[in-house]
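Single-letter residue listing:
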Amino acid sequence: NAGVTQTPKFQVLKTGQSMTLQCAQDMNHNSMYWYRQDPGMGLRLIYYSASEGTTDKGEVPNGYNVSRLNKREFSLRLESAAPSQTSVYFCASSLTGGANTGELFFGEGSRLTVL
Amino acid sequence: KNEVEQSPQNLTAQEGEFITINCSYSVGISALHWLQQHPGGGIVSLFMLSSGKKKHGRLIATINIQEKHSSLHITASHPRDSAVYICAVTGNQFYFGTGTSLTVIP
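About the cut-offs
Residues numbered from 1 in each chain as written. Chains lettered and ligands numbered in written order. Predicted model: local features only at pLDDT ≥ 70, side-chain atom pairs only at ≥ 80, totals over all residues. Heavy atoms only, no water. Helix = DSSP H or I, 4+ residues; strand = E, 2+ residues; numbered from the N terminus. Rg over C-alpha atoms; globule rule 2.2 N^0.38 Å. Disulfide = S-S within 2.5 Å. Buried < 20%, exposed > 50% of the residue type's maximum accessible area, 1.4 Å probe, protein only. Contact = heavy atoms within 4.5 Å. Buried area = accessible area lost by both parts, 1.4 Å probe. Core = buried A, V, L, I, M, F, W, Y, C linked by side-chain atoms within 4.5 Å. Pairing = 2+ DSSP bridges. Axes fitted to C-alpha atoms, helices over the stretch in contact; angles between N-to-C directions. Salt bridge = Lys/Arg side-chain N within 4 Å of Asp/Glu carboxyl O.

Caption draft 1: Structural view of the overall build of chain B. Along chain B, the regular secondary structure elements total zero helices and 11 strands. Counting helices and strands in the order they occur from the N terminus, chain B gives β-β-β-β-β-β-β-β-β-β-β. Its C-alpha atoms give chain B a radius of gyration of 13 Å, within 12% of the compact-globule value 13 Å for 106 residues. The principal-axis extents of the C-alpha atoms in chain B amount to approximately 40 × 25 × 20 Å.

Shown next, in the form of C-alpha cells:
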C-alpha cells in the first residue's frame, strides 16, 4: 500500500529558484496538509486542504503556494526560494479535517536545501 | 506559547529498560496522537486515543483527559526503538510537540 507519496525526496536550490513538491495519497482521504520540520521546533503547518477544492493558510504560509489538484493530489510550490526555506517538508493526509480528523498519515519527507 | 509540551527532550536508556515519555497539552482536544520518527525517516502514527489506554506490542499509551496529560511507555526497550517520539493533539487543528529523542544502548 502506497499511502502518502511525496516527491522529490531531496532537492538543492539556489536562492530565487522555484520548485514544486508533489504529494499524492491513495486512501481516499478528504484532508491534506503540508508541514515543515526544523530542528528544535515542532511540525509547523504551512497550508492545508480540508477537502477537494479548498485550501487554507496555516501557521507559516509566507513564500509558499499550494494547489489541490484533485482529491488525491496536493502540491506545494516555492516561487522564489530563500535560505530560510531550507527544511524538511512533510505531506500528510487524514480522512476528515476539523475536530475529528482520525489518524494522520505522513509521507516520507522531502529534504530541501536552499543555497 | 506551546500548546503541547513533551518531557524529557532527550532520553538515553539501556536495552531492556522501561521507558516513559510524557506529554501535556493546554487546549481542548478530541484526540491525542503518538508518532514515531526514525533518523532521516518518515513519520508514522503509533497511537490515536481519546480516553483510557491502548497497547501495541511493547508500547502502551495512556491519557488522562482531566489532567490534560498522556504518557507513552515502552517496555523491554530495544535499540530499534531509538527514534524521536512526537505527541500531537487534535483540537480545531493539529498541535505538535517538539519531540523526545530516545536512544537505546545495547
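The rest of the description comes next.
Caption draft 2: Main features of the state of the cysteines. All chains considered together, the criterion is met by two disulfides over all chains. In this model, cysteine 23 of chain A is linked to cysteine 91 of chain A through a disulfide, with the two sulfur atoms separated by 1.8 Å. Judged by the sign of its S-S torsion, about -70 degrees, the cystine formed by cysteine 23 of chain A and cysteine 91 of chain A is left-handed. Of this pair, cysteine 23 of chain A sits in strand 3 (residues 19-25) while cysteine 91 of chain A sits in strand 9 (residues 87-94); the two residues are 68 residues apart in sequence, bridging distant segments of the chain. In this structure cysteine 23 of chain A comes out as buried when scored by relative accessible area, which is 3%. You can call cysteine 91 of chain A buried: its relative accessible area is 0%. There is a disulfide in this structure between cysteine 23 of chain B and cysteine 87 of chain B, and the S-S distance comes to 2.0 Å. Classification of the bridge connecting cysteine 23 of chain B and cysteine 87 of chain B rests on its S-S torsion, roughly -65 degrees, and on that basis the disulfide is left-handed. Here cysteine 87 of chain B lies in strand 9 (residues 83-90) and cysteine 23 of chain B lies in strand 3 (residues 19-25), a separation of 64 residues in the sequence. The exposure class of cysteine 23 of chain B is buried, given its relative accessible area of 0%.

Caption draft 3: Representation of the interface of chain B and chain A in the model. At the interface, 18 residues of chain B touch 19 residues of chain A. Regarding the contact of chain B and chain A, the summed buried area is about 1400 Å², with carbon and sulfur atoms giving 63% of it. On the chain B side of the interface with chain A, the three residues burying the most area are Ile43, Phe94 and Phe96 of chain B, jointly 40% of the side's total. Mapped by element, the contributors of at least two residues to the side of chain B that touches chain A are strand 4 (31-37), strand 5 (43-49), strand 9 and strand 10 (94-96) of chain B.

Caption draft 4: Representation of the nonpolar core. Core analysis: the largest hydrophobic core is formed by 24 residues, its most contacted members being Leu32, Trp34, Phe47, Leu72 and Tyr85 of chain B. Every element with two or more residues in this core is listed here: strand 3, strand 4, strand 5, strand 7 (59-64), strand 8 (69-74), strand 9 and strand 11 (100-105) of chain B. Excluding residues within four positions of it along the chain, leucine 32 of chain B makes contact with Cys23, Tyr25, Phe47, Met48, Leu49, Ile63, Ser70, Cys87, Ala88 and Val89 of chain B. Counting residues in each nonpolar core, the second largest holds 20 residues, with Leu13, Ile46, Val60 and Phe74 of chain A among its members.

Caption draft 5: Molecular detail of the environment of threonine 15 of chain A. Residues and elements named next belong to chain A. By secondary structure assignment, the location of threonine 15 is in the loop between strand 2 (10-13) and strand 3. Residue threonine 15 is classed as partly exposed on the basis of its relative accessible area of 49%. When the C-alpha positions of threonine 15 and valine 114 are compared, they lie 6.0 Å apart, and in sequence the two are 99 residues distant. Ignoring sequence-local partners within four residues, the contact set of threonine 15 consists of Ala81, Pro83, Val114 and Leu115.

Caption draft 6: Broad picture of the sheet that holds strand 7 (residues 64-68) of chain A. Residues and elements named next belong to chain A. With antiparallel pairing, the four strands of this open sheet are ordered in space as 1-3-8-7. Bordering the open sheet on either side are strand 1 (4-7) and strand 7, each of which pairs with just one other strand. The sheet shows a mean angle of 15 degrees between the axes of neighbouring strands, direction not considered.

Caption draft 7: Quick peek at the pattern of salt bridges. All names here are of chain A. The final tally for this structure, using the stated rule, is four salt bridges over all chains. Residues arginine 36 and aspartate 38 are paired through a salt bridge, measuring 2.9 Å at the closest nitrogen-oxygen approach. Each member of the pair, arginine 36 as well as aspartate 38, is classed as buried. Among the salt bridges present, the one from aspartate 38 reaches arginine 44, with a minimum N-O distance of 2.8 Å. For the pair shown, aspartate 38 and arginine 44 are each scored as buried. Each of Arg36, Asp38 and Arg44 takes part in salt bridges that share partners, so that together they form one network.

Note that all results are geometric; they support no functional claim without further evidence.
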